[in-house]
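Now for the letters of each chain:
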Amino acid sequence: LSLRVSPQVYGAGLLEAIEESDLLKKHDPNDSDSDGVTGIARQVLDEKGIKKVGRFGIRASTPNLFVQSGVAFMHDMGISNVVGTNVYGDCTINQKECFKFASGVNSNDKNETSKEVLNSIVFYLSSLSPPKRRNVSNKEVLEGKEIFYKAKCTSCHTPKYVTSKNAKFDFLKFQLIWPYSDLLLHDMGEDLADKDLKGNVKNVSWKTTPLWGLGLLKEVNPRAAFLHDGRAETILEAVLWHGGEAQSSIDYLIANHSNQLDKL
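Residues numbered from 1 in each chain as written. Predicted model: local features only at pLDDT ≥ 70, side-chain atom pairs only at ≥ 80, totals over all residues. Heavy atoms only, no water.

Draft legend 1. Focus on a nonpolar patch on the surface. Together, Y149, V162, F174, L176 and W178 make up a nonpolar patch on the protein surface, roughly 520 Å² of accessible area in all. The topology assignment puts L176 in strand β4 (residues 176-177). According to the relative accessible area criterion, L176 is exposed, its value standing at 53%. (Patch = residues over 30% accessible without salt bridge, like charges linked within 9 Å, V, L, I, M, F, W, Y side chains within 5 Å. Areas by Shrake-Rupley, 256 points an atom, 1.4 Å probe, with all protein chains shown as cover. Salt bridge = Lys/Arg side-chain N within 4 Å of Asp/Glu carboxyl O. Helix = DSSP H or I, 4+ residues; strand = E, 2+ residues; numbered from the N terminus. Buried < 20%, exposed > 50% of the residue type's maximum accessible area, 1.4 Å probe, protein only.)

Draft legend 2. View of the pattern of salt bridges. Applying the stated criterion across every chain yields a total of 8 salt bridges. For R59, the salt bridge is made with D194, and the minimal N-O distance between the two is 3.1 Å. With R59 in the loop between β2 (51-53) and α3 (65-77) and D194 in strand β6 (residues 194-195), this pair connects stretches of sequence that are 135 residues apart. This pair shows no difference in class: R59 is buried, exactly as D194 is. Notably, a salt bridge pairs D229 with R231, separated by 2.8 Å at the nearest N-O pair. Given a relative accessible area of 25%, R231 falls into the partly exposed group. Overlapping salt bridges, with partners in common, bring together R4, R59 and D194 in one network.

Draft legend 3. Region of the structure containing the nonpolar core. The biggest cluster of nonpolar side chains holds 29 residues, and the ones touching the most others in it are L15, I18, L23, L65, L172, I177 and W212. Every residue in contact with L172, bar those within four places of it in the chain, is listed here: G13, L14, A17, S126, T163 and A167. If you look at the next biggest cluster of nonpolar residues, it comprises 6 residues, including I147, C153, I250 and L253. (Core = buried A, V, L, I, M, F, W, Y, C linked by side-chain atoms within 4.5 Å. Contact = heavy atoms within 4.5 Å.)

Draft legend 4. Highlighting helix α4 (residues 115-126). Under the 1.5 Å per step criterion, the end-to-end length of α4 is 16 Å for 12 residues, consistent within 8% with the ideal 16 Å. Listed in full, the buried residues belonging to α4 are L118, V122, L125 and S126. Down the axis of α4, the buried set is contained in an arc of 100°. They therefore lie on one face. When the buried face of α4 is taken as reference, the exposed residues oriented beyond 90 degrees from it are E116 and Y124. Summarising the contacts, the buried residues of α4 are in contact with α1 (12-16) and α3. (Expected span 1.5 Å × (residues − 1). Arc of directions from axis to C-beta.)

Draft legend 5. Inspection of the environment of K218 at higher detail. Of note, K218 is situated in helix α6 (residues 217-220). On the accessibility criterion, K218 (33% relative accessible area) is partly exposed. In this structure the C-alpha to C-alpha distance between K218 and K25, which are 193 residues apart in sequence, comes to 34 Å. Not counting residues within four places of it along the chain, the set of residues in contact with K218 comprises A224, F226 and E233. A distance of 3.2 Å separates a polar side-chain atom of K218 from the backbone oxygen of E233. (Polar contact = N/O pair within 3.5 Å; in protein donor to acceptor, adjacent residues only side chain to side chain.)

Draft legend 6. Structural context of the packing of aromatic side chains. For the coordinates displayed, the defined rule picks out 6 aromatic pairs. With 5.1 Å between their ring centres and 85° between their planes, F123 and F169 make a pair best called edge-to-face. In this pair, F123 is assigned in helix α4 and F169 in the loop between β3 (161-162) and β4, connecting sequence segments 46 residues apart. Assessed through its relative accessible area of 19%, F169 is described here as buried. When the ring of F148 is compared with that of Y149, the centres are 6.2 Å apart and the planes differ by 65°; the resulting orientation is edge-to-face. Within the aromatic cluster, the residues linked to one another by ring pairs are F148, Y149, W178 and Y180. When the ring centre of W206 is taken as reference, the NZ or CZ atom of R59 above it lies at 4.0 Å. Between R231 and the ring centre of W241, over which it is positioned, the NZ or CZ distance is 4.5 Å. (Phe/Tyr/Trp six-rings, centres within 6.5 Å; stacked < 30°, edge-to-face > 60°. Lys NZ or Arg CZ within 6 Å of the ring centre and 35° of its normal.)

Here it is in structure tokens:
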């Protein structure tokens, strides 16, 4: 069993607008450059059955907002659509009585919600911009930036991209964005891994979470927590949970900045 905290949805349209070739530049499953980082661009199918790089979901399981929205309708809410077409999707195989009730599909329709509804959701999500960066010239911010780069956190948290000229909407095209993510899968070590009920490790790979807007989460919700399962109460705690491919970055922080860490 594994807990999940819903990811932030702002800036999703901009993430979808990143050129696939820019993501594939960092695809390095065999660590060919020997830097200790083996990012994987996960290959998934879009709504047309074409292989694309996964961008959304905690494990990059969907390639675009249309599929992501359809999957969420189906698996989170049990509402069938052109992506998730099982009209009894919220009934399990053992719930025989569940299948006797109305499915929610209107007459002349094939699913419980329409393609038009999904497209509206996609447009809304694409229009949610990330918050503006703050304290750009602050001394402590600049010191933190220097440490962030020297610790090689940017090996996974890629700072910036320019979005594609082929983006779905005009307002997403040719935008300089700073999401701090490569959207690839990385081994984050056994401490963060999903485990079965016997404690056996089942999966150690997670998509690099975009960092934009991170500092405002607790202002929006004082109870906000960090990492995929909310185990970390602070950003520092989230950083220190990193292992696997990030272990050398953590070792650098502890070896060179233990005094600063103790003050936080």
